[in-house]
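These are the residues of each chain, in order.
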Amino acid sequence: MGTWRTLDVWGPEEALRHEVVRTAIRAGSNFFDTSPMYGQAERVLADAVRPVRSSVLIATKVWTSSAAEGRRQVQRALAWYGGWVDVYQVHNLLAAEVHLPYLEALRAEGRVRALGVTHYSHRAFPEILRWMEAGRVQCVQVPYNAVDREVEQDILPRAHELGIGVIVMRPLAEGELVRQSPPAHELRRLEPFGVRSWAQALLKWVASDPRVSVVIPATARPERAVENAQAGDPPWFDPETRERVSYLACQLF
């Protein structure tokens, strides 16, 4: 589950977002991605998962060009998340060469379990590939959805070859892909896969790619958190069904 925008709240709204997170966990979600770039989201998520910290995976990020500020961000997150973070990423590749040595030292101590780099732009994919080839990251976070398939060219095949995990951001193109839905008869064809909504179809489209490790849709609504979690259950789309869903998405986009 992603937290950009949805968990950046103060005061009374925090309890509502805690319920979204806990509902997602009860529905089967166990991976949560955040960042200091997301305002209060990192802290709000920490409060929400504290009672069940050992049963969830937390992915957060360092986001600054300053080595000193980067260390402060990391130490703050470690304190919030019980002394360890499951996946620590360099957000948007910002000063990756500065932050990775520190994160590697923490990984050697067992306080960080995996390292990664992220970026939202296709233009950054060559640099992501360079870090993958260098053998210093265990995962990457990239955009991927039924309309935006650029990562299929190089990132996904190489990640599969190297055994690198892939975290998928923007599986719904920040909501753009669910503004319209295909005809009801098209959704009915997907019911054998456990799909009941167009959003679920789009999420399952991503999750059905065996090179993808985890998908992180964001929501501020408990019922949507349940719906999203259900899309992560098999059976998976076969190649023909994936192509049909991608075709429908492109027609509607």
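The notes below deal with the structure included here. (Residues numbered from 1 in each chain as written. Predicted model: local features only at pLDDT ≥ 70, side-chain atom pairs only at ≥ 80, totals over all residues. Heavy atoms only, no water.)

1. Things to note about the packing of aromatic side chains
Taken as a whole and judged by the stated rule, the model has two aromatic pairs. Between Phe 193 and Phe 237, the ring centres sit 5.0 Å apart and the planes meet at 85 degrees, which makes this aromatic pair edge-to-face. Of this pair, Phe 193 sits in the loop between helix H7 (184-188) and helix H8 (198-207) while Phe 237 sits in the loop between helix H9 (222-230) and helix H10 (239-252), and the two are 44 residues apart along the sequence. For Phe 193, a relative accessible area of 15% puts it in the buried group. We classify Phe 237 as buried; its relative accessible area is 5%. Its guanidinium or amino end placed over the ring of Trp 4, Arg 5 lies 4.0 Å from that ring's centre, counting from NZ or CZ. The lysine or arginine in question, Arg 53, covers the ring of Trp 84, its NZ or CZ lying 4.1 Å from the ring centre. (Phe/Tyr/Trp six-rings, centres within 6.5 Å; stacked < 30°, edge-to-face > 60°. Helix = DSSP H or I, 4+ residues; strand = E, 2+ residues; numbered from the N terminus. Buried < 20%, exposed > 50% of the residue type's maximum accessible area, 1.4 Å probe, protein only. Lys NZ or Arg CZ within 6 Å of the ring centre and 35° of its normal.)

2. Thoughts on the pairing of strand E5 (residues 139-143)
In terms of burial, E5 is largely enclosed, as five of its five residues are buried. Burial along E5 is two-sided: Cys 139, Gln 141 and Pro 143 and Val 140 and Val 142, pointing in opposite directions, are all buried. Summarising the sheet, strand E4 (residues 112-118) and E5 pair through three bridges and their orientation is parallel. Note that in E5 the partner of Gly 116 across the bridge is Cys 139. (Pairing = 2+ DSSP bridges.)

3. Let's talk about helix H3 (residues 67-80)
For H3, which comprises 14 residues, the first-to-last C-alpha distance of 20 Å matches the rise-based estimate of 20 Å (1.5 Å per residue) to within 8%. All of the buried residues in H3 are Gly 70, Gln 73, Val 74, Ala 77 and Leu 78. Projected onto a plane normal to the axis of H3, the buried residues spread over an arc of 130 degrees and lie on a single side. Backbone geometry just after H3 places Gly 82 at a positive phi near 80 degrees. (Expected span 1.5 Å × (residues − 1). Arc of directions from axis to C-beta.)

4. A closer look at the sheet that holds strand E1 (residues 31-33)
Across the sheet, which stays open at both edges, the seven strands sit in the order E1-E2-E3-E4-E5-E6-E7 with parallel pairing between neighbours. With partners counted over all chains shown, the strands left at the sheet margins are E1 and strand E7 (214-215), one partner each. The sheet contact formed by strand E2 (residues 57-62) and strand E3 (residues 85-90) spans four bridges and is parallel. Bridge pairing in E3 places Thr 60 opposite Tyr 88.

5. Points about the nonpolar core
Formed by 73 residues in total, the largest nonpolar core has its most connected members in Val 21, Phe 32, Tyr 88, Leu 103, Ile 128, Met 132 and Ile 155. If we skip the residues at most four places from it in the chain, Tyr 88 touches Glu 42, Thr 60, Lys 61, Val 62, Gln 73, Val 74, Ala 77, Leu 103, Val 112, Ala 114, Leu 115 and Gly 116. Grouped together as the second largest cluster of nonpolar side chains are nine residues, Phe 31, Ile 167, Val 214 and Ile 216 included. (Core = buried A, V, L, I, M, F, W, Y, C linked by side-chain atoms within 4.5 Å. Contact = heavy atoms within 4.5 Å.)

6. Re the environment of Glu 97
Inspection of the secondary structure puts Glu 97 in helix H4 (residues 96-109). Given the relative accessible area of 52%, Glu 97 is considered exposed. Separated by 134 residues in sequence, Glu 97 and Ala 231 have C-alpha atoms that sit 36 Å apart.

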